[in-house]
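Commentary on secondary and tertiary structure
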Amino acid sequence: MTAQPSEEGLPAVQAQGVEYSYPGGRALAGLDFRVARGEIYGFLGPNGGGKTTLFRLLATLLPLQRGTLTVLGADLVRQAREVRRHLGVVFQNPSLDLQLSVAENLTHHGWLYGLSGRDLATRIDRQLERFGLTDRRDQRARELSGGLRRRTEIAKALLHDPRLLLLDEPSTGLDPAARRDLWDALTALRQDGVTVLLTTHFMEEGDRCDRLALLDRGRLVAEGTPAVLKEEIGGDVVTVTGPDPQALARDLAARFPELAPTVRDGSVRLERERAHEWVARLVEALPGRIDAVTVARPTLEDVFLHRTGHRLYGGEDAA
Amino acid sequence: MTGLWSLWRRELVRFFRQPSRVAGAAGSPLLFWLLLGSGLSSSFRLPGAAGVDYLEYFYPGTLVLVVLFAAIFSTISIIEDRREGFLQGVLAAPVSRAAIVAGKVLGGATLAWLQGAAFLLLAPVAGLHVSVASLLAAAGVLALLAVALTALGFACAWSVDSVQGFHAIMNLLLVPLWLLSGAVFPLTGAPVWLAALMRLNPLTYGVAALRQTFYVAAAPAADGLPGAGVSLLILAAVGALAFAADLLVLRRGRLE
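Owing to the predicted nature of the structure, the values given are computational and were not obtained by experimental measurement. Residues take numbers from 1 onward in each chain, read along the sequence in its written order. Think of it this way: whatever chain is written first is A, whatever ligand is written first is 1, and the rest follow in order. In keeping with the model being predicted, local features are shown solely for residues with a pLDDT of at least 70 and side-chain atom pairs are shown and tallied solely at 80 or more, while totals for entire chains, interfaces and linings include all residues.

**Observations concerning the overall build of chain B**
Working definition: helices are DSSP H or I runs of at least four residues, strands are E runs of at least two. Numbering for both runs from the N terminus. Per the secondary structure count, chain B includes 11 helices and 0 strands. When contacts within chain B are restricted to residue pairs at least 6 apart in sequence, long-range pairs at least 24 apart make up 81% of them. Contact between two residues is assigned whenever their backbone-derived C-beta positions fall within 7 Å.

Right, here's the structure in full:
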């Protein structure tokens, strides 16, 4: 109550050497990052990369084992109650009471956060309106579709005007329209100065973040704005497919040593500026042995592949 | 405080929205009592207390059974809350952990107490001539019992993963616990080893305290029973210990 963590300039979240292990193994192997106020910051990585563990630590649901986490200037361990007051948490599996109505769920949440009376009623009306739930108000949560439950969950998380909103895989299970609505809401929140921190395994979602960190096997493998991250690829990504990718890569390397081709996931990859000029040369160099050549702007997936050597999707198999 | 209130209120709302739970929880002890009590009433002879038939002897024990079942089964909601994800929202809220435990335990205990109190109204059917004062005293004992048992159930439910597992453990544990509480047969006359077990059983003190509230003078079969004061103290101690255990398991932060 006395701590005033809103001092400008302090980061919204600061992590130093954060580690976490389950009895089965290490989930986080020393994370350092800093999230500025009012930005949308994403953790992009494959399932099992440590995102959910990090989310739970930030949501104060897991005890921090090693390192420090500071949220809005307050220490997550020593000032857990203070941190919780300013956190809005959107769980992947909505934390609604399915027996209660939408409005009752919000009321319960308000009481947990010390809200009551007229103030609470006004807040509930406002959130229901904002998320198009007004006509669902008295419907039991269990009767709602997955998308509506998610919307209720977000309305609930925002009820107490959190300054840091945490979302765990918010787009999972949402149809494209609902996804767009979600992002409109997140962008509007940022305008109000709310910091948004989310985890995702969709690179499209990573692209919409102001900054993001790539998380793989408990480590941060890259951090930056989507544009900066993609710049490290140095041009375009050329993918060459053919019956024998290993031989293809070997012969291409022999012919054009400057290309440094690599085999990843059964196709040959090159990173090249002005890649379109290479298409004809490649096909002519190895006649009949190439099925397809594609040239694409680098994606976050390429950055991930570049940094970790395996893909974002189905990472376990490729690893 | 509003957090505690909200959690308490929610237990009640949920209970009354699932009417089958109400009937299921209160129904079987009632049947037990009517069938066993009527069936055994002619063959049962309480040592040193003629005139007490089994329907009457068995009545306090049945009350304890009602509260026991209701309290333990109300804590099943903890398993559901964890599985459905509701609990994570509560744990992330700025509510003291003690208030979370208290809200859940008092909510479940209130439900258990309501069922016990409803059954208490059947005392005249059991042939007991009870005063309003002893009814109130019994209601008080039931309240203490309900809180202690719900707190015990909380810690057990927390460490179990599935509702099925909980049922299995509770059947294994609860029925013998109740059988050995003086609810079904008196302490006096039980073999020494059995009597020793019964004295270790916290439920014995619930039954003993309750039995003594129904009779102004010495209760029949009160010989060998722990006194009402001691019984209440022991119940309170069990409740406090269980509450501490609840807090401990909650702080451990096991969610899945």
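**What about the overall build of chain A?**
Across its full length, chain A holds 12 helices and 14 strands. Taking the principal axes of the C-alpha coordinates as reference, chain A spans close to 75 × 45 × 40 Å. Note on burial: count the other C-beta atoms lying within 10 Å of the residue's C-beta; 20 or more is buried, 12 or fewer is exposed, in between is partly exposed, and C-beta positions come from the backbone. Across the 319 residues that make up chain A, the buried fraction comes to 42%. Put simply, 68% of the contacts in chain A that link residues at least 6 apart link residues at least 24 apart.

**Considerations on the sheet that holds strand β2 (residues 25-35) of chain A**
Residues and elements named next belong to chain A. Strand pairing is defined by DSSP finding a minimum of two bridges between the two strands. Judged by pairing direction, the sheet is antiparallel, and its 4 strands sit side by side in the order β2-β1-β4-β5 without closing on themselves. The open sheet is flanked by β2 and β5 (74-75), the only strands paired with a single partner. Here 8 bridges tie strand β1 (residues 13-22) to β2, and the two strands are oriented antiparallel to one another. Within the sheet, the bridge partner assigned to V18 lies in β2 and is L31. Note on geometry: axes are C-alpha line fits, over the in-contact stretch for helices, and angles between N-to-C directions span 0 to 180 degrees. Against the sheet, helix α1 (residues 51-58) engages β1, β2 and β4 (66-71), with an angle of about 60 degrees to β2.

**Looking at the interface of chain B and chain A**
One frequent convention defines the size of an interface as the accessible area lost when the parts assemble. Counting residues at the interface gives 21 residues for chain B and 25 residues for chain A. Secondary-structure elements contributing two or more residues to the side of chain B that touches chain A are α1 (2-17) and α5 (86-91) of chain B. With 8 residues, α1 of chain B is the single largest residue contributor to the side of chain B that touches chain A. The nonpolar class holds Ala, Val, Leu, Ile, Met, Phe, Trp, Tyr, Cys and Pro. Asp, Glu, Lys and Arg form the charged class, and all remaining residues, Gly among them, are polar. Here the side of chain B that touches chain A is built from residues that sort into 10 nonpolar, 7 polar and 4 charged.

**Points about the domain arrangement of chain A**
Domain annotation for chain A reports domain 1 (13-229) and domain 2 (234-297). The domain limits used here are those given by an automatic or database domain assignment. Spacing between the C-alpha centres of domain 1 of chain A and domain 2 of chain A amounts to 41 Å.

**Notes on the confidence of the model for chain B**
All names here are of chain B. Here pLDDT means the predictor's own confidence in every residue, given as a number from 0 to 100. The share of residues in chain B with pLDDT of 70 or more is 89%, and the mean pLDDT across the chain is 84. Element-level mean pLDDT values for chain B span from 74 in helix α2 (residues 19-40) up to 93 in helix α6 (residues 97-120). Prediction confidence for the complex, expressed as pTM and ipTM, is 0.83 and 0.83 respectively.

**A look at the environment of L64 of chain A**
Structurally, L64 of chain A can be placed in the loop between α1 and β4. Leaving out residues up to four positions away in the same chain, L64 of chain A has contacts with V18, L57, L69, L76 and V77 of chain A.

**Regarding the sheet that holds strand β14 (residues 292-296) of chain A**
Residue and element names in this part refer to chain A. With respect to topology, 4 strands assemble into an open sheet ordered β12-β13-β11-β14, the strand pairing being antiparallel. The sheet terminates laterally at β12 (262-264) and β14, the two strands that pair on one side only. Ignoring which end each strand starts from, the neighbouring axes of this sheet average 30 degrees apart. Pairing analysis gives 3 bridges linking β12 to strand β13 (residues 267-272), with the strands arranged antiparallel. Residue pairing across strands places T262 opposite R269, the latter belonging to β13. Helix α9 (residues 245-255) contacts β11 (236-241), β12 and β13 of the sheet and is inclined by roughly 35 degrees relative to β13.

**Concerning the nonpolar core**
Note on definitions: a nonpolar core is a set of buried residues drawn from Ala, Val, Leu, Ile, Met, Phe, Trp, Tyr and Cys, linked by C-beta atoms within 7 Å. Among the nonpolar cores identified, the biggest contains 146 residues, and L166 of chain A together with V64 and V67 of chain B are the most heavily contacted of them. With near-sequence residues (within four places) excluded, V67 of chain B lies in contact with A112, G116, L142, L145, A146 and L149 of chain B. Residues V237, V268, W278 and L282 of chain A belong to the second largest nonpolar core, which totals 10 residues.

**Side note on the environment of V279 of chain A**
All names here are of chain A. In this structure, V279 sits in helix α10 (residues 276-285). Considered as a pair, V279 and V295 are 16 residues apart in the sequence and their alpha carbons are 8.1 Å apart. If sequence neighbours within four positions are ignored, V279 has contacts with V293 and V295.

**Some points on the environment of R272 of chain A**
All names here are of chain A. On the secondary structure map, R272 appears in strand β13. Assessed through the 19 C-beta atoms surrounding it within 10 Å, R272 is described here as partly exposed. Along the backbone, R272 and A121 are 151 residues apart, and their C-alpha atoms lie at a distance of 58 Å. In contact with R272, other than residues within four places in its own chain, are G235, D236, V238, L259 and W278.

**Comments concerning the packing of helix α3 (residues 54-74) of chain B against helix α7 (residues 132-158) of chain B**
All names here are of chain B. Between α3 and α7, the least distance of the axes is 8 Å, while the angle of their chain directions is 35 degrees. Handedness of the crossing formed by α3 with α7: right-handed. Between α3, through L63, V64, V67, L68, A71, I72 and S74, and α7, the contact on the second element is made entirely by L142, L145, A146, L149, T150 and G153. Residues of the contact of α3 with α7, tallied by class, amount to 10 nonpolar, 3 polar and no charged. Handedness of a crossing follows from how the near helix is turned relative to the far one, being left-handed for an anticlockwise turn of less than a right angle and right-handed for a clockwise one.

**Examining the packing of α7 of chain B against helix α10 (residues 202-213) of chain B**
Each pair of packed helices can be described by the angle between their axes along with the distance between the axes. All names here are of chain B. In contact at an axis separation of 9 Å, α7 and α10 are set at 170 degrees when each is read in the N-to-C sense. In terms of orientation, α7 lies roughly antiparallel with respect to α10. Touching S134, A137, A138, V141 and L145 of α7 are G206, A209, L210 and T213, all from α10. When grouped by side-chain class, the residues that make up the contact of α7 with α10 number 6 nonpolar, 3 polar and no charged. Here the angle decides the label: under 35 degrees means roughly parallel, over 145 means roughly antiparallel, 65 to 115 means roughly perpendicular, and every other value means oblique.

**Some remarks on the confidence of the model for chain A**
Note that predicted coordinates carrying low pLDDT should not be read in detail. Residue and element names in this part refer to chain A. Model confidence for chain A is summarised by a mean pLDDT of 86, while 95% of its residues fall at 70 or above. Within chain A, the lowest mean pLDDT, 39, falls on helix α12 (residues 315-318), and the highest, 95, falls on helix α3 (residues 102-112). Below pLDDT 50 for its whole length, residues 1-6 participates in 7 contacts with residues either more than four positions away or in separate chains.

**What to know about helix α4 (residues 76-84) of chain B**
Residue and element names in this part refer to chain B. Where α4 is concerned, the buried positions are S77, I78 and D81. Axial view of α4: buried residues confined to an arc of 105 degrees, hence all on one face. The inward-facing, buried residues of α4 contact α1, α3, α5, α6 and α7. Arc definition: it is the arc formed by the directions from the helix axis to the C-beta atoms.

**Observations regarding unusual backbone geometry**
Residue and element names in this part refer to chain A. Of note, T60 is a non-glycine position whose phi angle comes to about 65 degrees, a positive value. Tracing the backbone through its elements, the reader meets T60 in the loop between α1 and β4. For T60, a count of 23 C-beta atoms within 10 Å puts it in the buried group. Of note in the backbone geometry, D161 takes a positive phi value of approximately 50 degrees without being a glycine. Tracing the sequence through the fold places D161 in the loop between α5 (146-158) and β7 (164-168).

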